[in-house]
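# An overview of the molecular structure
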Amino acid sequence: GKAFGSTLAVTVNYSGGPIQPEGQLVINEIMYNPLSTDSSFIEIYNRAPNYAFHLSGWRLNGVDYTFPGAIIGGGQYVVVVKNGGAFAAAFPGVPFVGQFDGNLDNGGETITLERPALVGTNIVYTAIDKVRYDDDLPWPGDADGRGPSLQLIDSSQDNSRVSNWTDQQV
C-alpha cells in the first residue's frame, strides 16, 4: 500500500554570503503629481522572495527621507509618503512606513535609494537603485496630475528605462 501523511525533513546548508540589496530592492511606483493634494508617494519592492533587508539609516535621496528602522520582507513593499493624513484619505488601508520632508517634482527628478556605510568616521552612501522620471514624452502622460501613478512593468528588468514604466494599472 501507499503511505500517506509521512513527513520528510530536508536540511539545506548555504555557504554563500548574504544576499546583496542591489538588484533586489527596486523603486517600483512613484506618485509624483497626485489628484489629491500632498498624497504623493514612493513605493519600494523587495524582489528577493525569502530575504528581508533592514533599512535603518537608509535614505531616499531626492525627497529628504531617512528610514528610521523599517524592515522590508521578502516579496514585500514599503511605501513612503508626503503627508500621512492626505495619503490615508486618498488610499484608505494602504500602510506606509514614514513621511518624507521633501517634494516629488511635478516636472521630473532623480530618486535614489541609498544604503549607508561607515568608512572611517564618515558615513558614505551607496546607490542601491535610482530612477530618473520625467513628465515629458516618452514618459507616460497620465501620471502627470491625471490620477495614475508611474508603475514599474517588470521589476526584474532595468527600472531606469522609460519603456519599463506605465501609467496603467499593472
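Cut-offs and rules
- Residues numbered from 1 in each chain as written.
- Predicted model: local features only at pLDDT ≥ 70, side-chain atom pairs only at ≥ 80, totals over all residues.
- Heavy atoms only, no water.
- Helix = DSSP H or I, 4+ residues; strand = E, 2+ residues; numbered from the N terminus.
- Buried < 20%, exposed > 50% of the residue type's maximum accessible area, 1.4 Å probe, protein only.
- Contact = heavy atoms within 4.5 Å.
- Areas by Shrake-Rupley, 256 points an atom, 1.4 Å probe, with all protein chains shown as cover.
- Salt bridge = Lys/Arg side-chain N within 4 Å of Asp/Glu carboxyl O.
- Pairing = 2+ DSSP bridges.

What follows is about the overall build of the protein. Helix and strand content of the protein: one helix and 12 strands. For the protein, the succession of helices and strands along the chain, N to C, is β-β-β-β-β-β-β-α-β-β-β-β-β. Looking at the protein as a whole, 39% of its 170 residues qualify as buried. The contacts of the protein with a sequence gap of at least 6 include a subset with a gap of at least 24, amounting to 54%. With an accessible surface of roughly 9500 Å², the protein has 48% of that area assigned to carbon and sulfur atoms.

On to the pattern of salt bridges, then. On inspection of all chains with the given rule, the structure shows three salt bridges. For Arg-146, the salt bridge goes to Asp-142, with nearest N and O atoms at 3.7 Å. Residue Asp-142 is classed as partly exposed on the basis of its relative accessible area of 33%.

Our focus in this paragraph is the pairing of strand S10 (residues 122-134). The sheet contact formed by strand S9 (residues 108-119) and S10 spans 12 bridges and is antiparallel. Paired with Ala-117 across the bridge in S10 is Val-124.

The next point concerns unusual backbone geometry. Of note, the bond from Leu-137 into Pro-138 is cis; its omega dihedral lies within 30 degrees of zero at 10°. Along the polypeptide, Pro-138 turns up in the loop between S10 and strand S11 (150-152). Phi is positive for Asp-38, close to 65°, though the residue is something other than glycine. Note that Asp-38 resides in the loop between strand S1 (25-31) and strand S2 (41-46). Even without being a glycine, Asp-64 presents a positive backbone phi close to 60°. Mapped onto the elements, Asp-64 comes out in the loop between strand S4 (59-61) and strand S5 (65-66). Since its relative accessible area comes to 56%, Asp-64 is described here as exposed.

What follows concerns the sheet that holds S10. One open sheet holds the four strands; their spatial order is S5-S4-S9-S10, and the pairing between them is antiparallel. Each having just a single partner strand, S5 and S10 make up the two edges of the open sheet. Pairing geometry for S4 and S5, over two bridges, is antiparallel. Pairing of Arg-59 across the sheet is with Thr-66, part of S5.

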